[in-house]
Every structure is written in structure tokens, then in C-alpha cells.
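Report on the structure
These are the residues of each chain, in order.
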Amino acid sequence: MPSLLFCGPKVAACGIVISIWGVIMLGMLGIFFSANKNPPQSVYGLYNQVGINCFIAAAVYVAVGAVSLCQVRLNKRQEYMVT
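Model, not experiment: these values are computed from the prediction.

What about the overall build of the protein?
If you tally the helices and strands in the protein, you get 2 helices and 0 strands. Relative to the globule expectation of 12 Å for 83 residues, the C-alpha radius of gyration of the protein, 18 Å, shows a markedly less compact shape. With the C-alpha coordinates of the protein rotated into their principal frame, the extents come out at 65 × 20 × 10 Å. Taking all 83 residues of the protein together, 22% fall into the buried category.

Structure follows, in C-alpha cells:
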């Protein structure tokens, strides 16, 4: 049976840490760009587009964090398996 394990425990843990940081940072940037007060009308659309892009990037970081979490669990299970 093929294994879905493709990275080690340290890389998976690093992926989780970077994902958490990315979600927090990009989520806050998305909120700040979307909740602007009295911007000039010429840049209002640009601020909203940047805010949407930040939320999309945060969603990508959530997906990377989920994959990293699965890798951590697979590495833990691999430690207890007898081959």
C-alpha cells in the first residue's frame, strides 16, 4: 500500500508554524485593507481587491497547515508501526 507520507516530522512542524503565522498576518491585513475609512474613490476598489487577495492567501495557508497536520499525524503513526 503506498504511503501518503512525503515529508519528515521537522518539516511538517515548520509548515504548521508558518501556516499559523501566515493565517494570522494575512487575515489581519485583509481586515485592515477591507475596513478602510474614507479613502479616495480612485483607490477604494484597489484596497478591497487587496483585502480579498489577502483572504484568499490566508485560505491557502489554512490548506497548507491542514496538509502539514496530516503529515505530523502520519509521522507519529509511522513511529509506532513495526515493519
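Here we look at helix H1 (residues 9-34)
Between the first and last C-alpha of H1 there are 37 Å, a value that for 26 residues agrees with the 38 Å anticipated at 1.5 Å per step. Those residues of H1 that fall on the buried side of the exposure criterion are Ala-12, Gly-15, Ser-19, Gly-22, Leu-26, Gly-27 and Gly-30.

Brief notes about the environment of Gly-45
Within the fold, Gly-45 resides in helix H2 (residues 41-80). Placed 18 residues apart in sequence, Gly-45 and Ala-63 show a C-alpha to C-alpha distance of 27 Å.

About the criteria used
Residues numbered from 1 in each chain as written. Predicted model: local features only at pLDDT ≥ 70, side-chain atom pairs only at ≥ 80, totals over all residues. Heavy atoms only, no water. Helix = DSSP H or I, 4+ residues; strand = E, 2+ residues; numbered from the N terminus. Rg over C-alpha atoms; globule rule 2.2 N^0.38 Å. Buried < 20%, exposed > 50% of the residue type's maximum accessible area, 1.4 Å probe, protein only. Expected span 1.5 Å × (residues − 1).

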